[in-house]
Amino acid sequence: MYIKSPLNYTGGKYKILSAVFSTFPDSIGTFVDLFAGGFNVGINTDAETILCNDQIPYLIELYEHFASHDISFVLSEIRERIDEFRLTQENACGYQALRERYNTTKSPVDLFVLTCYSFNHQIRFNSRHMFNTPFGRNRSSYNAAIEQNLIRFCEALHTKNIEFHTGDFLSLDLSGLGGQDLVYCDPPYLISTGSYNDGKRGFKDWTETEEKQLLDLLDRLDRQGTRFALSNVLYHKGMSNDLLLSWSEHYHIHEIEKTYSNCSYHVKDRSARTLEVVITNY
């Protein structure tokens, strides 16, 4: 049974972990989760060392907080916040008061509690890095399922060899990686842009420029003999990622979900809904 991130992060891979892991090699030295997000892939990977990187520092600070404290302490912190702000599915004022405090202090545990009561448990910041997800009235709360996910997640953080980094994907030095290592990339998808990568949240936008930079990085990894795996979509709602289609001809395409009728990747079937793939150089 896979560990599920306690965060409902947009684009999370929990539901397709089996398919993603089926494309990974059996033995991995260092595993780099370059766009960690909710960290569903990295936390479930069996590797000697796991590097967790994301450009949103508040996510990394939260994971570091979980990793550096006993789970009983983390659970007590959460319950203290819930009691202090009288958080329920109906108490919007309490939620807004906690959100205001978090935006002043940036306390990691406050951020986690906010996600428990936010609309659809989502994480969203504005251009000033202020958490601004609205209250999830009659929908969201800290519950037994979230707590169990959190406990299992923290247990894995404590037992695995995980290094945390925060920064742009180009800022991480990957030059020392070798043939037994694996760099996994789950970037924002160019043809299915969401609010998390629209360039209006105070974090780096994802455009064709960033797409090319990432593909160039993967080419460099290939030349240095380091394995990579790239999650992405080739087709989505009648659109095709022509840049990715052309680049992927040099590598191996593993189909995750086939939702269009023509089996040829070179035929742009405009009736396609979504085709998610993992592209590897091994």
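Residues numbered from 1 in each chain as written. Predicted model: local features only at pLDDT ≥ 70, side-chain atom pairs only at ≥ 80, totals over all residues. Heavy atoms only, no water.

(A) Local environment of the environment of Phe 112. Along the polypeptide, Phe 112 turns up in helix H6 (residues 108-117). Exposure remark for Phe 112: the relative accessible area of 0% places this residue in the buried category. In contact with Phe 112, other than residues within four places in its own chain, are Pro 6, Leu 7, Leu 62, Phe 66, Ile 78, Tyr 142, Ile 146 and Leu 150. (Helix = DSSP H or I, 4+ residues; strand = E, 2+ residues; numbered from the N terminus. Buried < 20%, exposed > 50% of the residue type's maximum accessible area, 1.4 Å probe, protein only. Contact = heavy atoms within 4.5 Å.)

(B) Region of the structure containing the layout of surface pockets. Each pocket or cavity is described by its volume, and for the second largest pocket that value is around 390 Å³. Looking at the second largest pocket, it is lined by 15 residues, and the ones nearest its centre are Lys 4, Ser 5, Leu 7, Asn 8 and Tyr 9. Per-class residue counts for the lining of the second largest pocket are six nonpolar, seven polar and two charged. (1 Å grid on protein atoms, 1.4 Å probe; cavity = no way out; pocket = protein on both sides within 12 Å on 5 of 7 lines; lining within 4 Å. Points joined across faces, edges and corners; volume = space filled by probe spheres on them. Nonpolar A, V, L, I, M, F, W, Y, C, P; charged D, E, K, R; others polar.)

(C) Seen up close, the side chain of Glu 276. Among the secondary structure elements, Glu 276 is positioned in strand E8 (residues 274-280). The buried category is assigned to Glu 276, whose relative accessible area is 15%. Of the polar contacts made by the side chain of Glu 276, one reaches the side chain of Lys 13; its length is 3.4 Å. (Polar contact = N/O pair within 3.5 Å; in protein donor to acceptor, adjacent residues only side chain to side chain.)

(D) The arrangement of the packing of helix H3 (residues 57-68) against helix H7 (residues 144-159) in detail. In contact at an axis separation of 8 Å, H3 and H7 are set at 80 degrees when each is read in the N-to-C sense. Relative to H7, the element H3 lies roughly perpendicular. Facing H3, whose interface residues are Tyr 63, Phe 66 and Ala 67, H7 presents Leu 150, Phe 153, Cys 154, Leu 157 and His 158. (Axes fitted to C-alpha atoms, helices over the stretch in contact; angles between N-to-C directions. Parallel < 35°, antiparallel > 145°, perpendicular 65-115°, else oblique.)

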